[in-house]
Each structure stands twice: as C-alpha cells, then as structure tokens.
Amino acid sequence: MKSGSLALLMLLLIVSGCDSFSQPRNYSECILKNMNNVQSDLGASEIRSSCREKFPEGTEYLYKERALNPIEIGFISGKGGMSTYGNSFNGTLYNGNQNIVVTSVTIRLSDKEDGKETPRDYEVDVKIPPLQTASFSVDVFPSDKTGDFSWGLRAADGFEK
C-alpha cells in the first residue's frame, strides 16, 4: 500500500512540475496558449482581459536587455587607468540612471604613439544597479599600455528595473 501511495505522489509531482514549464511567460504567450479553439468574441475578450491582468501593459519590456540610448549612456561616468603590472585597464563606473541596470559597456582606448592614434574597443560585462558604482578590469592589447592614451565610453547595454 505504501509503495502505491508513493508512486501516486511522485506521479502528481511530475505532472504538476511539467505544467509549470508550460506556463506563459508574457502577454503574447498567454494569448497564444489560451486562444486555441475559442469560437466566440466574448470568449476571446475574456482571455485577453485575463492575460492582461496577469501581464499588465508595459511588463513585456521589463528585464529585457537592450542597447542604451545616448541620453542613458550620458548618465554613466567613470575613472580608469592602465594597470602598473600586466596588460589590463582598470576603472570604476558610476550609473547615474535612476531606473536602468547597466549590464555591459564598450570602452574605447586610444593609444597615441609617434603622433598616430590607434583606437581599440573593448567590451566589458558589468552589473551596475541604478545610482551605484562598480569596478571593472579588461585585458588590453600590449601596445595600448603606453603612457599616452585616452579612453571613453562608446556604448552600453542594460535593462529597466
């Protein structure tokens, strides 16, 4: 009797777990999943209302990483410099955006040698919540290690919090 109850319990856990994988993750998936075999406008309207209640308007854009626009990038500032040892550039960035989490930045290091400037872009993964700072480090091409260089922020990605 105990083994039969245990088997039934395991079957219920498996079936209930499988159902959670098929749950819609957003408004569009909710509509697609629930509109099958709907044959009336009233039924379709009820499904739309129910899905919108579960996924309010605007939530489809939350936590979707995207390229930040120039204004949002303008709220990111920082300081950095070449490492004394090794071939790395280290810095600290401040995210002055009030509702954006910065997830990556592209910095440009421009090495100036013999009057010639050689720019190189480096992408750095970071996680900087709104109104906070974070340190970063990136390995750089050895010639970028000369004393005469400049750097700047070229691009950034993130998501709305």
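Described below are features of the structure shown in this document. Bear in mind that the values here come from a model prediction, so they are computed numbers and not experimental data.

## Here's the deal with the pattern of salt bridges
Here the structure, examined in full by the defined rule, presents 3 salt bridges. With its nearest N and O atoms 2.6 Å apart, the salt bridge here joins Asp121 to Arg108. On the criterion of sequence distance, the pair formed by Asp121 in strand β5 (residues 116–128) and Arg108 in strand β4 (residues 100–113) is long-range, its members being 13 residues apart. For Arg108, a relative accessible area of 26% corresponds to the partly exposed category.

## Considerations on the environment of Asp111
Inspection of the secondary structure puts Asp111 in strand β4. With 38 residues separating them along the chain, Asp111 and Phe149 place their C-alpha atoms 4.5 Å apart.

## With respect to the sheet that holds strand β7 (residues 149–160)
An order of β1-β7-β4-β5 is seen for the 4 strands of this open sheet, with the pairing classed as antiparallel. The open sheet has two edge strands, β1 (66–67) and β5, and neither has a second partner. Relative to β5, β4 runs antiparallel, the two being bridged by 11 bridges. By the bridge assignment, Ile107 is partnered in β5 with Tyr122.

Quick notes on the rules
- Residues numbered from 1 in each chain as written.
- Predicted model: local features only at pLDDT ≥ 70, side-chain atom pairs only at ≥ 80, totals over all residues.
- Heavy atoms only, no water.
- Salt bridge = Lys/Arg side-chain N within 4 Å of Asp/Glu carboxyl O.
- Helix = DSSP H or I, 4+ residues; strand = E, 2+ residues; numbered from the N terminus.
- Buried < 20%, exposed > 50% of the residue type's maximum accessible area, 1.4 Å probe, protein only.
- Pairing = 2+ DSSP bridges.

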